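Structural features, examined
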Amino acid sequence: MNTVPFSQKSWTKSCAYTPFFIIFIGLIFRNPAQASDSIAPRVFQQSETYYQQGQFFSSARVAFNAIEQLTDTSHKARAYYAVTRGLVAAGMDQSALYFFLRTLTFRNREVTRAVLELTPLFVERVGPDLIKKSLIKLTSPQDYSTKSRSALWVTLAKDRLFRNDYPGAIQAASQVTSESAYYPLALQIRGVSYALSGQKNNALSDFRRCSERSSQRTKDMAFGSLGPKYEGIYKDAAVDLKARCLADQARVLYEMGNFDEADKVYDRIPKASFVWTDTLFEHAWATFARGEYNRTLGKLVSYRSPSLSFVFNSEIEVLNAQTYMSMCYYDDAEREMDIFLKSYGGLAQEIKTWIEKNSANKDGARDNTAQFFSEGRAALYAPLLNMSPKTRFLSRFARSPYFQILSAGQERVAAEKAAIDRIDRESPGFTTGTTEGFPAFLYRILDWRQKSIQEIGGIFIKNSAIDYYQVLIQDFEKIQFMKIDLLGKKKRSVTSDDALITAGIAEKNYLPRRRDHQVLWGFNGEFWNDELGDYVFTLPSLCVTPDSSRTPLHGKSAFEVPGT
């Protein structure tokens, strides 16, 4: 029996990252002047005074201006931390990233412990891609407080999962405390690791708890200045996480053969969630595997609702055609195949050309990651309705929480540049303009952040596009085989009486059991939004069995329901 597989890709697409680390060589200070560190107490006192007064940018600026004059490494470490803390408090976390990483390089235990309190913020605002190597190389779990340590462990768990180190991922995820905002995410990572290593009962337990505690994902998040957009992203991500954990739970239940319970879990996924549009297809596959073809067709027809016109899934028409063939509605199966070829033929070539045009070539040219990132952002913010086929294709992965955070990071870069310019102009006694001094240095950091975001985000969009393009090509191959099979079935249906018996899958097409919240439905094109995903067709199978009459096997439309 074909059942819905537990797919690692379905996890990696929602939280995937590209292994990428940029060493910011351009931001290296000149050799420190050999001056006395007698200024250190005064500098740190002045920086602290500004900080307590809420003048966070000035606090960071004072510490920065003193760094080149400090020769003692403990003083320099403390100065870098003061800059980091001041910029974070001022809402400039993208600018603060460089100083956070630089502080760690001094390996001053006291300062390291202080700056690592900011780890959760950088994991959320920047992502693990740029900081995980520094955390692994320059810190140990003992350097973290209980709260910040969970950010380290969830970063390590995700990294090990993507390396297919399932025991390592389970061990790291298990270290995240149950009170942490990262706990629901750790449960999902551990659940995926359990499932992929065959420990289905453990996986099911983790997915259940993840769906129950998903709202904890926003607990104690330090959104800070410029934070409303991030706050909205994290609230949406918590809803998304709940839906994904419900979907993961249903997949495991199907693998365990508990189909009825899995159906109930699928029905709990909110229809307003983007996850639901994917799991509706999974649910359709599961009903197909059980021979409930009328239920399969009912679920798939929901994708033709105008409300779901933004959904991209080339396998919908493939499964539609396969279902009609299984019920011996050959003309309808052929129509679905033609719809597929018409809908995706030109798109496949467009995607192939786009990927090749912006990819590295044999002459050594690098990927045009900025272009990949830019088109991903355009798909992210495109209106859901009336999308072009290519935008629908890109939006399937561009709307992931991972890419949304990267996109928000780019917006923060622009916002921080504007804030730096404004604060500099409003700072009597400090003003230097943005071409020299502290503001100029921050501009260079933000230029680097802009490039790193485009690099990481562009690689993510390219790799995801390649993955889904390969699925599209595989669907073309399936359609080709189905067309050949269809011709054979039609030929046998008119040339051999004996072949009529085996022309279809007559032992299936079980009549579905109606649930309280569902209706048997003969499609007439109305009331799309009333029962999306809950429709059930009432088509009799046209396949012939030894005990049935010789019903024609083709020529009747599936939408011409007998008796209506």
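Residues numbered from 1 in each chain as written. Predicted model: local features only at pLDDT ≥ 70, side-chain atom pairs only at ≥ 80, totals over all residues. Heavy atoms only, no water.

1. Thoughts on the overall build of the chain
Secondary structure summary: the chain contains 23 helices and two strands in total. Taking all 564 residues of the chain together, the buried fraction comes to 54%. Intrachain contacts of the chain at a sequence separation of at least 6 include 73% that bridge at least 24 residues. (Helix = DSSP H or I, 4+ residues; strand = E, 2+ residues; numbered from the N terminus. Buried < 20%, exposed > 50% of the residue type's maximum accessible area, 1.4 Å probe, protein only. Contact = heavy atoms within 4.5 Å.)

2. Focus: the nonpolar core
Of all hydrophobic cores here, the largest spans 158 residues; its most connected members are Val-83, Leu-87, Phe-99, Phe-122, Phe-438 and Ile-461. In terms of residue count, the dominant contributor to this core is helix 22 (residues 437-495) (18 residues). Not counting residues up to four positions away in its chain, the partners in contact with Phe-438 are Phe-57, Ala-60, Arg-61, Phe-64, Asn-65, Val-83, Leu-87 and Phe-99. (Core = buried A, V, L, I, M, F, W, Y, C linked by side-chain atoms within 4.5 Å.)

3. As for a nonpolar patch on the surface
A grouping of Phe-274, Leu-384 and Leu-385 is seen on the molecular surface, where their side chains present a nonpolar patch of about 250 Å² in accessible area. In this fold, Leu-385 is placed in the loop between helix 19 (369-380) and helix 20 (389-398). (Patch = residues over 30% accessible without salt bridge, like charges linked within 9 Å, V, L, I, M, F, W, Y side chains within 5 Å. Areas by Shrake-Rupley, 256 points an atom, 1.4 Å probe, with all protein chains shown as cover. Salt bridge = Lys/Arg side-chain N within 4 Å of Asp/Glu carboxyl O.)

4. Re the pattern of salt bridges
For the structure shown, the criterion picks out 31 salt bridges. For the salt bridge of Lys-478 with Glu-315, the shortest nitrogen-to-oxygen distance reads 3.6 Å. Of this pair, Lys-478 sits in helix 22 while Glu-315 sits in helix 17 (residues 315-326), and the two are 163 residues apart along the sequence. Since its relative accessible area comes to 35%, Lys-478 is described here as partly exposed. Residue classification places Glu-315 among the partly exposed positions, given a relative accessible area of 21%. As a salt-bridge pair, Lys-417 and Asp-447 come within 2.5 Å of each other at their nearest N and O atoms. With Lys-417 in helix 21 (residues 401-425) and Asp-447 in helix 22, the pair connects residues that are 30 residues apart, well separated along the chain.

5. Some points on the confidence of the model for the chain
For the chain, mean pLDDT is 81; residues scoring 70 or higher make up 78% of the total. Below a pLDDT of 50 lies the segment residues 514-521, which in the model reaches 22 contacts outside its immediate sequence neighbourhood of four places, other chains included. With pLDDT under 50 throughout, residues 523-529 is counted as low confidence; its partners more than four residues away or in other chains account for 14 contacts. (pLDDT = per-residue confidence, 0-100.)

6. Focus on unusual backbone geometry
Here Asn-164, not a glycine, exhibits a phi torsion of approximately 60°, which is positive. Positionally, Asn-164 belongs in the loop between helix 9 (146-162) and helix 10 (166-173). Given a relative accessible area of 46%, Asn-164 falls into the partly exposed group. Non-glycine residue Asn-386 carries a positive phi angle of around 65°. With respect to the helices, strands and loops of the structure, Asn-386 is situated in the loop between helix 19 and helix 20.

7. Some remarks on the packing of aromatic side chains
Pairs of aromatic rings are described using the distance from one ring centre to the other and the angle between the two planes. This structure, assessed with the given rule, holds 26 aromatic pairs. Ring centres 5.2 Å apart and planes at 75° place the aromatic pair Tyr-98 and Phe-99 in the edge-to-face group. Judged by its relative accessible area of 6%, Tyr-98 falls in the buried class. Ring pairing ties together the aromatic residues Phe-57, Phe-64, Tyr-80, Tyr-98, Phe-99, Phe-106, Phe-438 and Phe-441, which thus form one cluster. The positively charged end of Arg-85 is found above the aromatic ring belonging to Tyr-51, 3.7 Å away from the centroid. (Phe/Tyr/Trp six-rings, centres within 6.5 Å; stacked < 30°, edge-to-face > 60°. Lys NZ or Arg CZ within 6 Å of the ring centre and 35° of its normal.)

8. Points about the state of the cysteines
Summed over the entire model, instances satisfying the criterion amount to two disulfides. Note on cysteine connectivity: Cys-210 is disulfide-linked to Cys-245, with sulfurs 2.0 Å apart. Here the disulfide of Cys-210 and Cys-245 is right-handed, its torsion about the S-S bond being about 60°. Remark: Cys-245 occurs in helix 13 (residues 228-255) and Cys-210 occurs in helix 12 (residues 200-212); sequence separation between them is 35 residues. Look at Cys-210 and you get buried, because its relative accessible area is 0%. You can call Cys-245 buried: its relative accessible area is 0%. Between the sulfur of Cys-328 and that of Cys-543 lies a disulfide, 2.0 Å long from S to S. Torsion about the S-S bond of the Cys-328 and Cys-543 cystine: about 100°, corresponding to right-handed handedness. With Cys-328 in the loop between helix 17 and helix 18 (330-357) and Cys-543 in the segment after strand 2 (535-536), the pair connects residues that are 215 residues apart, well separated along the chain. (Disulfide = S-S within 2.5 Å.)

9. Comments concerning the packing of helix 15 (residues 274-289) against helix 16 (residues 293-301)
Between helix 15 and helix 16, the least distance of the axes is 8 Å, while the angle of their chain directions is 165°. On the basis of the axis angle, helix 15 is roughly antiparallel to helix 16. The element helix 15 and its partner helix 16 pack so that their crossing is left-handed. Between helix 15, through Leu-280, Phe-281, His-283, Ala-284, Thr-287 and Phe-288, and helix 16, the contact on the second element is made entirely by Tyr-293, Arg-295, Thr-296, Lys-299 and Leu-300. Here the contact of helix 15 with helix 16 is composed, by residue class, of six nonpolar, three polar and two charged. (Axes fitted to C-alpha atoms, helices over the stretch in contact; angles between N-to-C directions. Parallel < 35°, antiparallel > 145°, perpendicular 65-115°, else oblique. Left-handed = near helix turned anticlockwise from the far one by under 90°. Nonpolar A, V, L, I, M, F, W, Y, C, P; charged D, E, K, R; others polar.)

10. Let's talk about the side chain of Arg-251
Looking at the element boundaries, Arg-251 is found in helix 13. Polar side-chain contacts of Arg-251 include one of 2.6 Å to the side chain of Glu-282. (Polar contact = N/O pair within 3.5 Å; in protein donor to acceptor, adjacent residues only side chain to side chain.)

11. Quick word on the environment of Gln-249
Relative to the assigned elements, Gln-249 resides in helix 13. Gln-249 sits in the buried class, given a relative accessible area of 4%. As for Gln-249 and Lys-200, which are separated by 49 residues in sequence, their C-alpha atoms are 9.7 Å apart. Not counting residues within four places of it along the chain, the set of residues in contact with Gln-249 comprises Leu-204, Phe-207, Arg-208, Ser-211, Val-265 and Arg-268.

12. Here's the deal with the packing of helix 4 (residues 73-89) against helix 5 (residues 93-104)
Helix-helix packing is characterised by the crossing angle of the two axes and by the distance between the axes. One way to put it is that helix 4 packs onto helix 5 with a least axis distance of 8 Å and a crossing angle of 160°. Considering the angle they form, helix 4 stands roughly antiparallel to helix 5. Every pair of crossing elements has a handedness; the one defined by helix 4 and helix 5 is left-handed. For the pair helix 4 and helix 5, contact is made by Ala-77, Tyr-80, Tyr-81, Val-83, Thr-84, Leu-87 and Val-88 and by Asp-93, Ser-95, Ala-96, Phe-99, Phe-100, Arg-102 and Thr-103, respectively. By residue class, the composition of the contact of helix 4 with helix 5 is nine nonpolar, three polar and two charged.

13. Section: the environment of Ile-479
Locating Ile-479 in the fold gives a position in helix 22. Classification of Ile-479 by relative accessible area gives buried; the value is 1%. Residues within four places of Ile-479 in sequence aside, it is in contact with Val-318, Met-337, Phe-340 and Leu-341.

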